[in-house]
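Report on the structure
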Amino acid sequence: MMLSTPTLHTSRLRLRPFEDGDAGELVALHSNADVMRYWDSPPWTDPARAARFLARSREMAEAGDGVRVVMERAEDGAFVGWCTLHEWNPDFRSVKLGYCLGEAMWGRGYGTEAARAVLGWAFDTLDLNRVQAEVDTRNDGSARVLEKLGFVREGTLREDCVVAGVVSDSWVYGLLRREWSPEARPAG
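Residues numbered from 1 in each chain as written. Predicted model: local features only at pLDDT ≥ 70, side-chain atom pairs only at ≥ 80, totals over all residues. Heavy atoms only, no water.

1. Some words on the overall build of the protein chain
For clarity, the threshold we go by: Helix and strand assignments follow DSSP, with helices taken as H or I runs no shorter than four residues and strands as E runs no shorter than two, numbered in order from the N terminus. The buried label applies to any residue whose accessible area, calculated with a 1.4 Å probe on protein chains only, is under 20% of its type's maximum; exposed applies above 50%, and partly exposed to all values in between. In this tally Asp and Glu are treated as negative and Lys and Arg as positive; neither His nor the chain ends contributes. A charged residue contributes its charge at one atom only: NZ of Lys, CZ of Arg, CG of Asp or CD of Glu.
Each helix and strand counted, the protein chain has four helices and eight strands in total. Taking the principal axes of the C-alpha coordinates as reference, the protein chain spans close to 40 × 40 × 35 Å. Taken over 188 residues, the protein chain has a buried fraction of 46%. Averaged over its 23 positive side-chain charges, the protein chain has a centre that lies 3 Å from the centre of its 29 negative ones.

Here's what the structure looks like:
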């Protein structure tokens, strides 16, 4: 079943499907060592990775197992980052949440705002029961985003990533439908 990637609006953001013209912004984002510090892969060094990322975004929607949206500021269209729902399992009514923001956009609430809008769409559209997210245990900022959204830290994946020789742990977070706060969702 194909998933239609939504276009959503919040008070400060427009969330929309990826376009081929987003490749340059993706390369800039994913080649930044600070942005990728807690990621499960090293910074991009090959600009062709953007084309593969965009192709995978289309494939996820066509296969019906996820969606990725660009976050851009409503006021000026500036690229903020992206947000994804992936590994959607309609039988289990579950999905995984992920996001990546440009360093200049950190600490402004954009990640929380975007994820809240995407979660609202997903709970309504996909009849979800559970959303899961994983975050490197050193990434306090991302953990705060999840906690603001109502996610509960459920456990630790010990030494689950090795990137450039650095071994790290990840926290697993979960958000259940009964814990989701509809009034916390921005108008879309």
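2. Points about the pattern of salt bridges
Applicable threshold: In the sections that follow, a salt bridge refers to a side-chain nitrogen of Lys or Arg positioned within 4 Å of a carboxyl oxygen of Asp or Glu.
Applying the stated rule across the entire model yields 15 salt bridges. Among the salt bridges present, the one from Arg14 reaches Glu72, with a minimum N-O distance of 2.7 Å. Here Glu72 lies in strand S3 (residues 66-73) and Arg14 lies in strand S2 (residues 13-17), a separation of 58 residues in the sequence. Classification of Arg14 as partly exposed rests on a relative accessible area of 32%. With relative accessibility at 11%, the residue Glu72 sits in the buried group. For Arg16, the salt bridge is made with Glu19, and the minimal N-O distance between the two is 4.0 Å. By sharing partners, the salt bridges in this structure join Arg14, Arg16, Glu19, Asp22 and Glu72 into a single network.

3. What about the environment of Val131?
Operational definition: Any two residues having at least one pair of non-hydrogen atoms within 4.5 Å are treated as being in contact.
Relative to the helices and strands, Val131 resides in strand S6 (residues 130-136). Take Val131: its relative accessible area is 0%, and that puts it in the buried class. Excluding anything up to four places from it in sequence, Val131 contacts Val95, Leu97, Leu119, Phe123, Phe151, Tyr173, Gly174 and Leu175.

4. Looking at unusual backbone geometry
A positive phi angle, close to 60°, is found at Glu87, a residue other than glycine. Along the chain, Glu87 falls in strand S4 (residues 79-89).

5. Description of helix H3 (residues 110-125)
Note on helix geometry: an α-helix contains 3.6 residues per turn, so any two residues three or four positions apart are oriented the same way. Under the convention used in this document: Residue count minus one, scaled by 1.5 Å, sets the expected span of a helix.
With 16 residues, H3 should cover 22 Å at 1.5 Å per step; its first-to-last C-alpha distance of 22 Å lies within 8% of that length. Within H3, 14 of the 16 residues are buried, which leaves the element mostly enclosed by the surrounding structure. One or two positions beyond H3, positive phi appears at Asp127, with a value near 50°.

6. Examining the side chain of Thr10
Cut-off, in case you're wondering: Any N or O atom pair separated by 3.5 Å or less is treated as a polar contact, with the protein-specific requirement of one donor-capable and one acceptor-capable atom, and with residues adjacent in sequence counted only for side-chain atom pairs.
Mapped onto the elements, Thr10 comes out in the loop between strand S1 (8-9) and S2. Using a relative accessible area of 10% as the deciding quantity, one classes Thr10 as buried. A distance of 2.3 Å separates the side chain of Thr10 from the side chain of Glu113, its partner in a polar contact.

7. Overview of the sheet that holds S1
The cut-off we apply is this: Pairs of strands are assigned from DSSP output, requiring at least two bridges between the strands. Simply put, an axis is a line fit to the C-alpha atoms, just over the touching stretch for a helix, and the angle between two N-to-C directions goes from 0 to 180 degrees.
Read from one edge to the other, the open sheet built from eight strands follows the order S1-S2-S3-S4-S5-S6-S8-S7, with strand pairing classed as mixed. Two strands in the sheet have a free side with no partner beyond their single neighbour: S1 and strand S7 (152-163). Across two bridges, the pairing between S1 and S2 is antiparallel. Pairing of Leu8 across the sheet is with Leu15, part of S2. Relative to the sheet, helix H2 (residues 48-63) contacts S3 and S4, its axis offset from that of S3 by approximately 125°.

8. Observations concerning the packing of helix H1 (residues 23-30) against H2
Note the following rule: Reported orientations rely on four angle classes, namely roughly parallel under 35 degrees, roughly antiparallel over 145, roughly perpendicular from 65 to 115, and oblique for the rest. By the definition used in this description, the sense in which the near helix is turned from the far one sets the handedness, with an anticlockwise turn below a right angle giving left-handed and a clockwise turn giving right-handed. Think of it as three bins: nonpolar holds Ala, Val, Leu, Ile, Met, Phe, Trp, Tyr, Cys and Pro, charged holds Asp, Glu, Lys and Arg, and polar takes everything else, Gly as well.
Where H1 contacts H2, the axes come no closer than 9 Å and their chain directions differ by 110°. Taken together, the axes of H1 and H2 are roughly perpendicular relative to one another. The element H1 and its partner H2 pack so that their crossing is right-handed. Residues Ala23, Leu26, Val27 and His30 of H1 pack against Ala50, Phe53 and Leu54 of H2. Each residue belonging to the contact of H1 with H2 can be placed in one class, and the counts come to six nonpolar, one polar and no charged.

Keep in mind these values describe shape, not function.
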